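What follows is the residue order along each chain.
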Amino acid sequence: MALTELYAKYNRVWIPDPEDVWKSAEILKDYKAGENVLELQLEDGTELKYPLDSVKKELPPLRNPDILVGENDLTALSYLHEPAVLHNLKVRFVDSKIIYTYCGIILVAINPYKQLPIYGDAIIHAYSGQNMGDMDPHIFAVAEEAYKQMARNNKNQSIIVSGESGAGKTVSARYAMRYFATVSKSGSKSHVEDKVLASNPITEAIGNAKTTRNDNSSRFGKYTEISFDRRYQIIGANMRTYLLEKSRVVFQSENERNYHIFYQLCASADQPEFKKLKLLSADEFRYTCMGGKTFIDGVDDKADMVETRRTFSLLGLKEDFQMDVFKVLAGILHLGNVEVKAVGDDKSSVSSSDKHLAMFCELLDVSEENVSRWLCSRKIVLVSETVVKPMPVHRAINARDALAKQIYSHLFDCIILRINTALKFPGKQHTFIGVLDIYGFETFEMNNFEQFCINYANEKLQQQFNLHVFKLEQEEYMKEDIPWTLIDFYDNQPVIDLIEAKMGILDLLDEECLFPQGTDQNWLQKLYNNYLDKNPLFEKPRMSNASFVIQHFADKVEYNCKGFLEKNRDTMYEELVDVMRSSKFHLLANFFQEEEPTSPFSKSIKFKPARPGVKPANKQLRTTVGNKFRSSLYLLMETLNATTPHYVRCIKPNEDKLPFEYDSKRVVQQLRACGVLETIHISAQSYPSRWTYIEFYSRYSILMTQQELLLNDKKQTCKTVLQRLIHDSNQYKFGRTKIFFRAGQVAYLEKLRSDRLRGACITIQKNLRGWTQRRKFLRMREAAIVLQQYVRGQRKIRQTITAATLKRVWASIVIQKYCRGYLVRRIYHLIQAATITIQAYARGWLARTRYRKMVQEQKAVVLQKYARAWLARRHFQSIRRVVLNVQLSYRVQQLRKKLEEQNKENHGLLERLTGLANAHAQDVEKLQKLESDLKKSVAEKKTFEEVAKQSKEETNQLIAQLQAQNGSLVQEKQNLEKHLQERTQELKDGADELRKKLLEDLETEQRHRKILENNFEIQKEEYDKQIEALKEEIKTLREENIVLREQNQEEQQFKADLQKQLAQLSKEVKVIPELQKEIEALENQKSVLDRRMKEQKHETRVKMSEITRQLLTGIQEEELLSRMSTEDLEQINEDGEILFAYEGLRKATRVLENHSRVQKESFESEIETLKYQNEHLQNENNELQKLFQEENNVNDSIRQEVSRLATENMIIPQFKQQISELQRQKQDLENRLKEQAIEMRGKMEEISNDLRSNLEEESSQRRLLELQRETFEKEKQELMEKIGDKEEENAQLKKQNQTESEAKNRLRQEASRLIAENMDFEEQIDVKDRLIKKLQNQIQGLRMPEKANHIQAPLLPKEYLGMLEYKKEDELKLIKNIILGILIIVTIKLIMLVTVVTVITALVFINIFVMLSPLQTCYMYSVRFIALRSIL
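This text gives an overview of the structure that appears in the document. (Residues numbered from 1 in each chain as written. Predicted model: local features only at pLDDT ≥ 70, side-chain atom pairs only at ≥ 80, totals over all residues. Heavy atoms only, no water.)

### Details of a nonpolar patch on the surface
Now for step 1: Taken together, Ile797, Ile801 and Leu806 make up a surface patch of nonpolar side chains, about 280 Å² in accessible area.
Now for step 2: Within the element layout of this structure, Ile797 appears in helix α25 (residues 745-800). (Patch = residues over 30% accessible without salt bridge, like charges linked within 9 Å, V, L, I, M, F, W, Y side chains within 5 Å. Areas by Shrake-Rupley, 256 points an atom, 1.4 Å probe, with all protein chains shown as cover. Salt bridge = Lys/Arg side-chain N within 4 Å of Asp/Glu carboxyl O. Helix = DSSP H or I, 4+ residues; strand = E, 2+ residues; numbered from the N terminus.)

### Looking at the sheet that holds strand β22 (residues 732-734)
Now for step 1: Ordered by their spatial adjacency, three strands build an open sheet running β21-β23-β22, and the pairing between neighbours is antiparallel. Only two strands of the sheet have a single partner each, and these edge strands are β21 (689-692) and β22. Ignoring which end each strand starts from, the neighbouring axes of this sheet average 20° apart.
Now for step 2: Packed on one face of the sheet, helix α22 (residues 693-700) meets β21, β22 and β23 (738-741) and runs near 90° to β21. (Pairing = 2+ DSSP bridges. Axes fitted to C-alpha atoms, helices over the stretch in contact; angles between N-to-C directions. Contact = heavy atoms within 4.5 Å.)

### Quick notes on a negative patch on the surface
Now for step 1: A cluster of like negative charges, contributed by Asp933, Glu1275, Glu1278, Glu1281, Asp1285, Glu1287, Glu1288 and Glu1289, occupies part of the molecular surface.
Now for step 2: With seven residues, the single largest contributor to the negative patch is helix α36 (residues 1232-1349).
Now for step 3: By relative accessible area, which is 47% here, Glu1278 ends up partly exposed. (Lys, Arg positive; Asp, Glu negative; His and termini not counted. Charge placed at Lys NZ, Arg CZ, Asp CG, Glu CD. Buried < 20%, exposed > 50% of the residue type's maximum accessible area, 1.4 Å probe, protein only.)

### Considerations on the packing of aromatic side chains
Now for step 1: Taken as a whole and judged by the stated rule, the model has 26 aromatic pairs.
Now for step 2: Seen from their ring centres, Phe93 and Phe660 are 5.1 Å apart, and the 35° between their planes marks the pair as tilted. Of the two residues, Phe93 sits in helix α1 (residues 82-95) while Phe660 sits in the loop between β20 (644-651) and α20 (664-674), which places them 567 residues apart along the sequence.
Now for step 3: Accessibility expressed as a relative area gives 11% for Phe660, which makes it buried.
Now for step 4: Within the aromatic cluster, the residues linked to one another by ring pairs are Phe449, Phe452, Trp523, Tyr528, Tyr531, Phe538, Phe548, Tyr559 and Phe564.
Now for step 5: Over the ring of Phe321 we find Arg418, and its NZ or CZ is 4.1 Å from the ring centre.
Now for step 6: Taking NZ or CZ as reference, Lys719 lies 5.7 Å from the ring centre of Phe734, over its face. (Phe/Tyr/Trp six-rings, centres within 6.5 Å; stacked < 30°, edge-to-face > 60°. Lys NZ or Arg CZ within 6 Å of the ring centre and 35° of its normal.)

### Re the pattern of salt bridges
Now for step 1: Across all of its chains, the model carries 31 salt bridges by this definition.
Now for step 2: A cluster of three or more residues bridged by salt bridges with shared partners is formed by Arg219, Glu245, Arg248 and Glu256.

### Some thoughts on the pairing of strand β18 (residues 547-551)
Looking along a regular strand, one sees side chains alternate from face to face of the sheet.
Now for step 1: The element β18 is extensively covered by neighbouring structure, given that four of its five residues are classed as buried.
Now for step 2: Pairing geometry for strand β17 (residues 538-539) and β18, over two bridges, is antiparallel. The residue bridging Glu539 from the neighbouring strand is Val549, located in β18.
Now for step 3: As paired strands, β18 and strand β19 (residues 556-560) are joined by five bridges and run antiparallel to one another. Its bridge partner being in β19, Gln551 is matched across the sheet by Lys556.
Now for step 4: In textbook terms, the turn of a hairpin is the stretch between consecutive antiparallel strands, and for β18 and β19 this stretch comprises four residues.

### Describing the sheet that holds strand β11 (residues 234-242)
Now for step 1: Taking strand neighbours across the sheet as the criterion, the seven strands line up as β5-β6-β20-β7-β16-β10-β11 in an open arrangement whose pairing is mixed. Looking along the sheet, the strands with just one partner apiece sit at the ends: β5 (100-103) and β11. Adjacent strand axes in the sheet meet at a mean angle of 20°, parallel and antiparallel pairs treated alike.
Now for step 2: Where strand β7 (residues 157-163) and β20 come together, six bridges link them in parallel fashion. What sits directly across from Val161, in β20, is Val648.
Now for step 3: On the sheet, α1 packs against β5 and β6 (106-110) and is oriented at approximately 155° with respect to β5.

### Overview of helix α15 (residues 520-531)
Now for step 1: Spanning 12 residues, α15 covers 16 Å between terminal C-alpha atoms, matching the ideal 16 Å at 1.5 Å per step.
Now for step 2: Taken together, the buried positions of α15 are occupied by Asp520, Trp523, Leu524, Leu527, Tyr528 and Tyr531. Projected onto a plane normal to the axis of α15, the buried residues spread over an arc of 145° and lie on a single side.
Now for step 3: Those residues of α15 hidden inside the fold are in contact with α13 (493-500), α14 (505-514), β17, β18 and α16 (564-569).
Now for step 4: Downstream of α15 by one or two residues, Asp533 has phi in the positive range, about 65°. (Expected span 1.5 Å × (residues − 1). Arc of directions from axis to C-beta.)

### Let's talk about the pairing of β6
Now for step 1: Most of β6 sits inside the fold, with five of its five residues counted as buried.
Now for step 2: Burial along β6 is two-sided: the residues Ile106, Val108 and Ile110 and Leu107 and Ala109 are all buried.
Now for step 3: Bridge analysis of β5 against β6 gives four bridges, and the strand direction is antiparallel. Each residue of the ladder has a partner; that of Cys103, found in β6, is Ile106.
Now for step 4: Once β5 ends, the chain turns through two residues before running back antiparallel as β6, passing Gly104 with a positive phi of about 70°.
Now for step 5: Pairing analysis gives five bridges linking β6 to β20, with the strands arranged parallel. Each residue of the ladder has a partner; that of Ala109, found in β20, is Cys650.

### Quick word on the side chain of Thr311
Now for step 1: Looking at where Thr311 falls in the secondary structure, it is placed in helix α7 (residues 301-314).
Now for step 2: The residues contacting Thr311, other than those within four sequence positions of it, are Ala198, Pro201 and Ile202.

### Observations regarding the packing of α14 against α15
Now for step 1: Between α14 and α15, whose axes approach to 10 Å, the crossing angle comes to 145°. Crossing of α14 against α15: the hand is right-handed. Where α14 abuts α15, its residues Ile505, Leu508, Leu509, Glu511 and Glu512 lie against Asn522, Trp523, Lys526, Leu527, Asn530 and Tyr531.
Now for step 2: Per-class residue counts for the contact of α14 with α15 are six nonpolar, two polar and three charged. (Left-handed = near helix turned anticlockwise from the far one by under 90°. Nonpolar A, V, L, I, M, F, W, Y, C, P; charged D, E, K, R; others polar.)

### Topic: the packing of helix α8 (residues 319-336) against helix α11 (residues 393-422)
Now for step 1: Two numbers describe how α8 lies on α11: the axes approach to 10 Å, and their chain directions differ by 165°. Between α8 and α11, the crossing angle belongs to the class labelled roughly antiparallel. Once α8 is placed against α11, the crossing between them reads as left-handed. Residues Phe321, Val325, Val328, Leu329, Ile332, Leu335 and Gly336 of α8 form the contact with α11, whose participating residues are Arg400, Leu403, Ala404, Ile407, Tyr408, Leu411, Cys414, Ile415 and Arg418. (Parallel < 35°, antiparallel > 145°, perpendicular 65-115°, else oblique.)

### A few points about the side chain of His81
Now for step 1: Along the chain, the position of His81 falls in the loop between β4 (47-51) and α1.
Now for step 2: Looking at His81, the relative accessible area reads 18%, which means it is buried.
Now for step 3: A distance of 3.3 Å separates a polar atom in the side chain of His81 from the backbone nitrogen of Ala84. (Polar contact = N/O pair within 3.5 Å; in protein donor to acceptor, adjacent residues only side chain to side chain.)

### A short note on unusual backbone geometry
In most cases, non-glycine residues show a negative phi, while peptide bonds are predominantly trans.
Now for step 1: With a phi angle near 70°, Val21 is a residue other than glycine that sits in the positive phi range.
Now for step 2: Judged by relative accessible area, which is 15%, Val21 ranks as buried.
Now for step 3: Phi at Tyr232 takes a positive value of approximately 60°, unusual for a residue other than glycine.

Structure representation (structure tokens):
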């Protein structure tokens, strides 16, 4: 059948409308192929000529028949397109007030903005155990389907709830979790279900906020895994979160709020436990008042805070942790109020008197000085130095906001981790159901990094959804044995590749983030260069150079690149991180702990560098937000693909949050974004309409012929009907249980059915109208005949009736009237007289019989009264006697039991008393032992005191000896001073002799000077050679370093080969600690060499001074004078050559000193350069070790390098030899006086140390004794306390024994009293028995004369002798006789009633006879009188 045939008159179509999106219209004229206009009539009556596209010739979509409107499953519609879906949802939502509708496997949920009574426990139990299509669409039906499939297939399930903000995602997810908690009650005491539900208020408090679209908008994605055991009962849960909106902490748009927890905390500021937080109202904090309005209508933040704390406690989170969380939140609020002021253009500062900064630092226990400093400055680490750079105001504010965002993000993750820990289950998880509450597709006027990540996640979810729907379609066709053909549907893999593929948008963003000077504009330019005009899904806006457009599956979205790099980096300055890490507040410090880098080789090889490297200011290799989100999304997709998904799409019907208001534009936008139309598109591509054979037969039996209806096989009937009605077999397929139709075929069958019904209606109307007209004609004809008859009769009567006939008739009527009245009055009088006489006789008889009965009954009642009273008393006495016996026996038994129990308790108490007595005896023994130990300790203390006294005396003696020695030493010192004075005097005396000897020694001095100069030159040359050798070694080391780097680059290419050698490398790693030790030894040797060099220089100076002294003092005055003649002396004295020589000597020594000083400085500079070069080498060595740690491939080269360095550093022993020679010379040149002084000092120190050690030992012994004494006293006190406790227990036991003995006495008294009462009762019973016997004897005595008077009377049986003679055996006989008497009386009464009835009936018959013949009255009276006499 051609599609154009459906565009016939009376059919309806959908046409586009700017306000309602689609508008319905009715076709006024059949459409013919080739026409350019379609004549339509709108629902308001206006006619319209709808123009068709001349090129495409696309006809407007057809409207479904009215029978299909309001279907609970959108895929059941015949025409599957956008207007049909929109109209069906509107009819169900607005007209029927139904918010849930199926769309294949999707549940479409429209937010009613009103509380509906459809979520109670009764509804949950109604949906429990039902199939998904058996009841109306509901979130409980989806949850039940997931639970049922989990239990049936033992496979994990997922419920994916998506939609835009304000669509009801959070509420839907909450109801699904509540359904699982209600259906799978475990009955355990842990209340896991309550804990799972209690996690919702906490996550909503810390992760939800008010937006312009929703008062409780989730600002993060959440996947909750509800775990079940093998009995499919909840045992725990786990929660994963995605992409928290951290920017909301520091910025909110107009009419929006921060996260709920901040306002709850401010609303509870007056609580006593929150006083120390120094909170203000929400209007006074910068982070909570940006949106303007700080409250939500109908929401009590204070009550919500109580609920949040209650759920914290329900989850097992203690008050300490809760207060820590509130301290962190209060600190964030105070941090937002910290004022950053500008100091010039490039600097900023924070006032030291800022109370909010002080409160922030006090709450989080951090240094106020460090925080104020690093908020306004930044540390930049260079190669050779570290620079602190001040920041301008805007960057300082950004640093403050970044710190607040980072703290809140870590706090959010910590709370989620604690919730997961609280929901952790001890057993093994069998299966789970995941509930994913995630943001839907978003497009705003200004879209940024958050919208990009959200839409990227929705692209992945849409791809998974399309593949799942495609798979379900394939399974459905395979189950029904229908040939499977490839369905063409939209695949969004190109968009996903554009975002996440290699060198995609995210990779380019991460690459740009690695550059320190990277900007958003540079990244955008890279996107333009890579994708513009190369990828059709990427576009550039015409009017903007700072944005880009991506064609998503739902719509085109324009993203503004501003802030992408900053949000992707999510960086915070390391200085602030270090400040937070150094906090004494453990919760905050744990937030900023460094995570160890994980690599595939980090577990096998770990080594520490020789010296700590310089930590960079910015970690360029830190994982970006985009990369984290991509990896978490990958894990989510893995989880969802491993489960069976169930989809819930939440729709927001209007922007004003009005109940049951439907905005078609907003709904269509969301339907396109959430994948509902894509599901319809996939369904429409194949066979969307599916009918079972029974449904088709019952619906379209009207189209069947009589022969087809006579067939017994309904399946074959349906096939023949379809083959006859639809000639194209490709438009339908026959499955095992269903018939599959292409789009529009059900509508065509509905058209045929409506045509057949329309024809049948026309024939029925035709026949019905003919029948009604005929019936109306017959009624009119009958009425005309009746009128004719009446008129004709009247005419005839007028002609026949005269006045004489009328008078006769009237007279006869009057006579009949009077005659009948007379007869009736006569009969009445007769009956009246008869009834009066009968009543008189009957009433007299009844009165007399009643009197007789009353007399008889009075006598019987009196007899019965006495008899029954006597029987009752007798019965009561017997019962009382039995009861008393039973009571006595029961009480005796109870008393015996109590006595036995009391005896048992007494035995137990005696045993306890004996046990306590034994314990008391043991405690007494312990006390005696402790007292003996105390005595021993006191004796030991006395001995220790005596030893201490002796040691004191010895020390005093030693001190006296030392003082004596000190005095002797002082005397020796004085003697030495005298000796020195004498020596100086001798030196003065020998000065003249010295002058004489100077001339002779000048030559020797010059010789020595030349020797020293030669030695210095030789040493200088050696040092120069060593410096040149070290420089050459440094050059070689640098060249080898370059070679090593080249080798590293070459070895990176051969990673695969080197990974095979990892096993060998792991063995050789053990050498690294030895190398490190060698390096440390070299460093120590170097430091020793430096110290020795300094000592050597000092020693050279000392040697020079000593040489000069020897030169001046060693030459004797006499020798010099003997060598010189008088003439020479006179000549020397005249020319002043001696003084000149002396001055020359002094100058030479000064030159030597200057030369040595210059050499010293040069040597020190060279040593410093060598140190710097050595440090540089060590840094390079550390870098090589870092490369080895990162790549794990350069171990062999480093080991060779270190070994080579070790071999080349063999020059150090030469320095050692020189230093040892200098030390020997120094040792030879030291004075013996110094050695003696040192020995004396050593002896003094040894003696003092011995004394101190003895004193310390004595003090330690005293302390030990005191500690032992204290322990003994404590033990004694404990034992005394135990003895007191035992005595109290004994007193209590005595009291218990007394109370028990008193209770026993009371029981004995009660028992004796009860026995006495029992004896009294028995005596009373015996007395009464005697009285009864006496009465019986008296009665018998009274009856004896009666028997004598009535000797002739016949003897009756014994049982009728009298009522007073009674035996227990005669009780039944008496009762039988009474019952017989009552029966006899009743029979007499019945007989009398029967006689009265017979008399009345006889009188009635007599009256009838009288009425029949008045002439027989006398006879009847006589008969009646005779009959009455006979009866009476």
